[in-house]
Amino acid sequence: FNAMKPRRDDKSPKQNNLAFQYAEVEPSVLGEYELSTRYSNSKNITITLNTNNNDYVDTLLLDTDSRIMEIDNGKTLHKGTRNVNGLHISEWWVKRRHLVPPEPYLKYEFNLKINESKDKKGQYLELTMRYDADVQKPDEILTEHEVVALWQNITSTLQYNPPGK
């Protein structure tokens, strides 16, 4: 804890320090690390953000076998790259649907990676959004268009803030 330094929450961290609410720490004192944060709400939407300082990437997101991404009756809705606020991102959207009792389900999973590279030139950032529709309550299910719009609204807010700015 000695390496933690206070900072105002509305200020970016100095250099490449790791920031969290009201504090920052220089990554070199942490050794190897993985940071993850998760948000869930009452609409069965879960958003997870991950990064680490292990820059090794075995398989790039878009090179992943589709059988892994589409398990359990999955179908790819979108797979590709795009630019968001100057960031080159890779993303893969999957819909899983199984409407046969006793356990019908409808799930959406959106995966995104920024700065993903096999040449070890920096850490990547991974963002995942999952939506588990309650098929027992059809009036409360978000439409595919609504889920996609939510994802696009969330990802449109991504931006790079250079250290010290």
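Just so it is clear, the model here is predicted, and its values are computed rather than measured.

> Help me understand unusual backbone geometry in this model?
Glycine aside, negative phi is the norm for most residues, and most peptide bonds take the trans geometry. Although it is not a glycine, Asn44 sits at a positive phi angle of roughly 65°. Relative accessible area serves as the criterion here: at 37%, Asn44 is assigned to the partly exposed category. With phi around 50°, Asn85 is a residue other than glycine that occupies positive phi space. Mapping Asn85 onto the fold places it in the loop between β6 (74-84) and β7 (87-98).

> Mind showing me how you'd approach the pairing of β7 here?
Of all twelve residues that make up β7, nine are buried, and the element is covered over most of its length. Count of turn residues in the β6/β7 antiparallel hairpin: two residues, of which Asn85 carries a positive phi of about 50°. Two strands pair when backbone bridges link them, and β7 and strand β8 (residues 105-114) are joined in this way by ten bridges, in the antiparallel orientation. In the sheet register, Val94 faces β8, and the bridge partner there is Glu109.

> Is there a simple way to think about the pattern of salt bridges in this case?
Pairs may arise between side chains of opposite charge once their charged atoms sit close together. Tallying each qualifying case throughout the model produces seven salt bridges. Residues Glu109 and Arg130 are paired through a salt bridge, measuring 3.1 Å at the closest nitrogen-oxygen approach. Highlighted residues: Glu109 in strand β8 and Arg130 in strand β9 (residues 125-133), separated in sequence by 21 residues. Across the pair Lys137 and Asp134 runs a salt bridge whose closest N-O atoms are separated by 4.0 Å. Accessibility expressed as a relative area gives 42% for Lys137, which makes it partly exposed. For Asp134, a relative accessible area of 31% translates into the label partly exposed. The network of salt bridges with shared partners includes Arg96, Glu109 and Arg130.

The rules behind the values
Residues numbered from 1 in each chain as written. Predicted model: local features only at pLDDT ≥ 70, side-chain atom pairs only at ≥ 80, totals over all residues. Heavy atoms only, no water. Buried < 20%, exposed > 50% of the residue type's maximum accessible area, 1.4 Å probe, protein only. Helix = DSSP H or I, 4+ residues; strand = E, 2+ residues; numbered from the N terminus. Pairing = 2+ DSSP bridges. Salt bridge = Lys/Arg side-chain N within 4 Å of Asp/Glu carboxyl O.

Everything listed here is a matter of coordinates, which is why it stays silent on function.
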